[in-house]
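Structural characterization, general
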There are 2 protein chains.
Amino acid sequence: MSFKKLGKRTYKLSCPPSIAGHANCVGDKEGQGPLKDSFDYISADPFFGEKSWEKAESSMVKKAYSMALDKAALSHSSIDMLFAGDLLNQCVGTTFGLRESGAAHFGVYGACSTMAESLALASMAVDGGFADTAAAVTCSHFCTAERQFRTPLEYGGQRTPTAQWTVTGAGAVVLKSFGPGPYVTHITPGMIVDPGIVDANNMGAAMAPAAYDTIKTHFEDTGRTPADYDLIVTGDLGKVGSNILVDFFKKDGVDISKQHTDCGLLIFDLKGQDVHAGGSGCGCSASVLTGYLLNGMREGRWKRILFAATGALMSTTTSQQGESIPGISCAVVIDTAQ
Amino acid sequence: MSFKKLGKRTYKLSCPPSIAGHANCVGDKEGQGPLKDSFDYISADPFFGEKSWEKAESSMVKKAYSMALDKAALSHSSIDMLFAGDLLNQCVGTTFGLRESGAAHFGVYGACSTMAESLALASMAVDGGFADTAAAVTCSHFCTAERQFRTPLEYGGQRTPTAQWTVTGAGAVVLKSFGPGPYVTHITPGMIVDPGIVDANNMGAAMAPAAYDTIKTHFEDTGRTPADYDLIVTGDLGKVGSNILVDFFKKDGVDISKQHTDCGLLIFDLKGQDVHAGGSGCGCSASVLTGYLLNGMREGRWKRILFAATGALMSTTTSQQGESIPGISCAVVIDTAQ
């Protein structure tokens, strides 16, 4: 019956929604990285003029969303549905940043895969005939994440070589039911994959099996191969997780190394910026997608990308209780053609 | 273009999905309350045989979901999409409870409105032609919520008269694209409404304006009145919030007192069970919907209900930073007729 379903877990949209606007807002460190020219707003102040890091995170969200609406030439009141979430406990980064939006609000939680999850849901809402306009918004902030998940910044704890650096950034994508593209044409939602990793300083390894499962399922479901994509972009596997992913495919006799890249590897200069294994956080894939990737598509650099953001679904409590770290990866195809 | 949209924020499903299965799993206190006969599984042990309260919460989720699948005569592998979330930081209650489900997983966060939000999204996925089968799952546990949001249980803190008691319970609803009903026919998603309440011990007052906004919008969008419903059920406004909601409508010249009830008032005996203003938590509306309400509909007691779950979108951090408590309420119409 579900005519949009291909194979096991991929959905082909019947009226692919058009990306009408996209914007981001990042911190100083991101603004000094290799993608600096792709960001819409770079703040030298980690507080973004606010009194706490959490308020700063909400402020980034508000700004990124407003800029994306401006680019789409849409007002706040013209958005039918808003899908948003973040890493903070109870998703307060997006909730407080968007509390004046006036749109139907769906809070989502996909950890660092939230940009892809919210974009998938927003696309489904448009394609399903519910929304004419929908938005996907997410964020992370290095200082709120360190405080919440790791140690107080003042403590100055030493980071392991596998650790990643949470991106200070927010990204927003605005969809319309019709437009010149680029379009969201396919969705392969993630299932939870738990490889049994317990080291919370090695998220890349915890998430790589989920990315492998989703991307492999996507290829099987669609009959496509890596060569059908200009880019296969994971969210924040970083150096460790990216190597694992490429190795997994190599064992299947599939070489994804030509097309594969990772937002966590793109956003920082791994040699010069002391970020160890790369960037991470909801804001990592969100700010790379809404800048470097979508700008590049509009400039004709790439025609079709597979964007597979990745998330680690643990909390400090589950880690303290000795639990392993389940991963998830949601993929969406963004194509300049419908 | 969006032919499913009525008025401002209501969506009329074109092929209303059928509720094929529903089940719940609750704790001892809930099992002693007025709705005891409507629960599928009552555990005398608050740990549900596990070693921590968090693991207990995940265990409840797993059980409720399995029972709902059994009732729907569906296997885990036949579910296309799963929408789930809870109150725990990073939604680990549902993530860990459902990590072996094998379904496409969409994590959602709507605080105590999660049952309605996940049911709305699952319904949209089915109605939009994406899923043949979809599930909505949520939970809460008194002990995990107290530990996370308030004080250690051992501290024995005194509760204010406006405080509510987090329900220990999980609920799951399984939808199919075709079936004998009851059906999800309309959705009115919530927008964030922040009335400026800062007292984290008075959630009912913080959420009532959101419930009022959603229910009022629903009436305006559909042209329906309270008399069109056998029941108008809010999630966990409790005694304080319910009175506020009825008063708000009274000021508009609308009497909802005949149809209105609240899951937080139904689940406990407010006089005998020392719960102060009533029940709360994601598990409150979830276990009342999947037991008392849906059983009652199948037994012919009610034909059409408006289920408007309510959520308070703050965290301990935002409260400590002096922020107010934004509320949200998502409503779905459940009807024995399509």
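Here goes a summary of the coordinates provided. From a predicted model like this one, the values you see are computed outputs, not experimental measurements.

This next bit is on the overall build of chain A. Counting secondary structure elements, chain A contains 10 helices and 15 strands. By the compact-globule yardstick of 20 Å for 338 residues, chain A fits well, its C-alpha radius of gyration being 18 Å. In terms of its C-alpha atoms, chain A occupies a principal-axis envelope of roughly 55 × 50 × 35 Å. The buried share of chain A, reckoned over its 338 residues, is 67%. Residue pairs in contact within chain A that sit at least 24 positions apart in sequence constitute 77% of those at least 6 positions apart. On chain A, the mean spot of the 28 positive side-chain charges and the mean spot of the 34 negative ones are 3 Å from each other.

A few words now on the relation of the copies chain B and chain A. Note on the identical chains: chain B maps onto chain A by a rotation of 180 degrees and an axial translation of 0.0 Å, with an RMSD of 0.0 Å. Taken together, the rotation and translation relating the two chain copies correspond to the operation of a two-fold axis. The overlap is high: 100% of the interface residues of chain B also sit at the interface in chain A, so the same surface is used on both sides.

All names here are of chain A. Packing of helix H2 (residues 53-71) against helix H5 (residues 142-149) brings their axes to within 8 Å, and their N-to-C directions diverge by 135 degrees. By the angle between their axes, H2 is oblique relative to H5. For the crossing formed where H2 meets H5, the hand is left-handed. Seen from H2, the contacting residues are Trp53, Glu54 and Glu57; seen from H5, they are Cys143, Thr144 and Arg147. For the contact of H2 with H5, a count of residues per class yields 2 nonpolar, 1 polar and 3 charged.

Attention now goes to the packing of helix H6 (residues 203-222) of chain A against helix H7 (residues 238-251) of chain A. Residues and elements named next belong to chain A. Two elements in contact, H6 and H7, have axes separated by 8 Å at closest approach and are oriented at 40 degrees. When the interaxial angle is binned, H6 and H7 end up oblique. At the point where H6 passes H7, the crossing takes the right-handed sense. Every residue of H7 that contacts H6 at Gly204, Ala205, Ala208, Pro209, Ala211, Tyr212, Ile215, Lys216 and Phe219 is listed here: Gly241, Ile244, Leu245, Phe248 and Phe249. Looking at the contact of H6 with H7 residue by residue, the classes come out as 11 nonpolar, 2 polar and 1 charged.

This brings us to the pairing of strand S14 (residues 304-312) of chain B. All names here are of chain B. Here S14 lies mainly inside the structure; 8 of its 9 residues are buried. Note that S14 and strand S15 (residues 327-335) share 9 bridges and pair antiparallel. Note on S15: the bridge partner recorded for alanine 312 is glycine 327.

This brings us to the interface of chain B and chain A. Taken residue by residue, the interface counts 63 residues in chain B and 63 residues in chain A. Between chain B and chain A, roughly 5,300 Å² of surface is buried when both sides are summed, and carbon and sulfur atoms account for 62% of that area. When the buried surface of chain B facing chain A is broken down by residue, B:Gln90, B:Arg99 and B:Phe130 rank first, second and third, together holding 16% of it. In this assembly, chain B and chain A are joined by 8 salt bridges. Measuring nitrogen to oxygen at the nearest pair gives 3.1 Å for the salt bridge that ties A:Glu323 to B:Lys55. The interface formed by chain B and chain A includes 26 residue pairs in polar contact (both at pLDDT 80 or more). Those elements that place two or more of their residues in the side of chain B that touches chain A are helix H2 (53-71), strand S5 (81-86), helix H3 (92-97), strand S6 (104-107), helix H4 (114-127), helix H5 (142-149) and helix H10 (316-320) of chain B. No other element matches the 6 residues that H4(B) contributes to the side of chain B that touches chain A. Of the residues belonging to the side of chain B that touches chain A, the class tally is 32 nonpolar, 18 polar and 13 charged.

What follows is about unusual backbone geometry. A cis amide bond, omega 0 degrees, links A:Gly181 with the succeeding residue A:Pro182. We note that B:Gln90 has phi near 60 degrees; this positive angle belongs to a residue other than glycine. Assignment of secondary structure puts B:Gln90 in the loop between S5 and H3. For B:Ala111, which is not a glycine, the phi torsion comes out positive at approximately 50 degrees. Relative to the helices and strands, B:Ala111 is located in the loop between S6 and H4.

The next subject is the side chain of A:Gln164. Summarising the element assignment, A:Gln164 is placed in the loop between H5 and strand S8 (165-166). On the accessibility criterion, A:Gln164 (6% relative accessible area) is buried.

Glancing now at the pattern of salt bridges. Summed over the entire model, instances satisfying the criterion amount to 30 salt bridges over all chains. Between A:Arg301 and A:Glu299 there is a salt bridge, and its shortest N-O distance comes to 2.9 Å. Linked by salt bridges that have partners in common, A:Lys55, A:Arg99, B:Asp194 and B:Glu323 make up one network.

Counting residues in hydrophobic clusters, the biggest one holds 108 residues, and the most contacted among them are A:Met81, B:Met81, B:Phe307 and B:Ile334. Contacts of B:Met81, omitting those with residues within four sequence positions, involve A:Tyr11, A:Met124, A:Pro189, B:Ala104, B:Phe106, B:Ala125, B:Phe130, B:Ala131, B:Thr133, B:Ala134 and B:Ala135.

Summed over the entire model, instances satisfying the criterion amount to 17 aromatic pairs over all chains. Ring centres 3.9 Å apart and planes at 0 degrees place the aromatic pair A:Phe142 and A:Trp165 in the stacked group. Placement of the pair is A:Phe142 in helix H5 and A:Trp165 in strand S8, with a sequence separation of 23 residues. Comparing A:Phe142 with A:Trp165, the two get one shared label, buried. Note on B:Phe47 and B:Trp53: the rings are 5.8 Å apart at their centroids and 20 degrees apart in plane angle, and the pair reads as stacked. On the accessibility criterion, B:Phe47 (29% relative accessible area) is partly exposed. A relative accessible area of 13% places B:Trp53 in the buried class.

Residues and elements named next belong to chain B. The two faces of S6 match: Ala104 and Phe106 on one face and His105 and Gly107 on the other face are all buried. By the bridge criterion, 4 bridges tie S5 to S6 in an arrangement that is parallel. Paired with phenylalanine 83 across the bridge in S6 is phenylalanine 106. Handedness of the crossover joining S5 and S6 through H3 is recorded here as right-handed.

This next bit is on the environment of B:Val174. Residue and element names in this part refer to chain B. Along the chain, valine 174 falls in strand S9 (residues 169-176). Taking relative accessible area as the criterion, valine 174 reaches 0% and is therefore assigned buried. Sequence spacing of valine 174 and lysine 71 is 103 residues, and the spatial spacing of their C-alpha atoms is 9.0 Å. Beyond its immediate stretch of four places on either side in the chain, valine 174 contacts Ser18, Ile19, Ala20, Gly21, Ala68, Leu69, Ala72, Leu74, Ile79, Ala134 and Ala135.

The rules behind these values
- Residues numbered from 1 in each chain as written.
- Chains lettered and ligands numbered in written order.
- Predicted model: local features only at pLDDT ≥ 70, side-chain atom pairs only at ≥ 80, totals over all residues.
- Heavy atoms only, no water.
- Helix = DSSP H or I, 4+ residues; strand = E, 2+ residues; numbered from the N terminus.
- Rg over C-alpha atoms; globule rule 2.2 N^0.38 Å.
- Buried < 20%, exposed > 50% of the residue type's maximum accessible area, 1.4 Å probe, protein only.
- Contact = heavy atoms within 4.5 Å.
- Lys, Arg positive; Asp, Glu negative; His and termini not counted.
- Charge placed at Lys NZ, Arg CZ, Asp CG, Glu CD.
- Least-squares fit on C-alpha atoms with pLDDT ≥ 70 in both.
- Axes fitted to C-alpha atoms, helices over the stretch in contact; angles between N-to-C directions.
- Parallel < 35°, antiparallel > 145°, perpendicular 65-115°, else oblique.
- Left-handed = near helix turned anticlockwise from the far one by under 90°.
- Nonpolar A, V, L, I, M, F, W, Y, C, P; charged D, E, K, R; others polar.
- Pairing = 2+ DSSP bridges.
- Buried area = accessible area lost by both parts, 1.4 Å probe.
- Salt bridge = Lys/Arg side-chain N within 4 Å of Asp/Glu carboxyl O.
- Polar contact = N/O pair within 3.5 Å; in protein donor to acceptor, adjacent residues only side chain to side chain.
- Core = buried A, V, L, I, M, F, W, Y, C linked by side-chain atoms within 4.5 Å.
- Phe/Tyr/Trp six-rings, centres within 6.5 Å; stacked < 30°, edge-to-face > 60°.
- Right-handed = clockwise from strand over helix to strand, strands pointing away.

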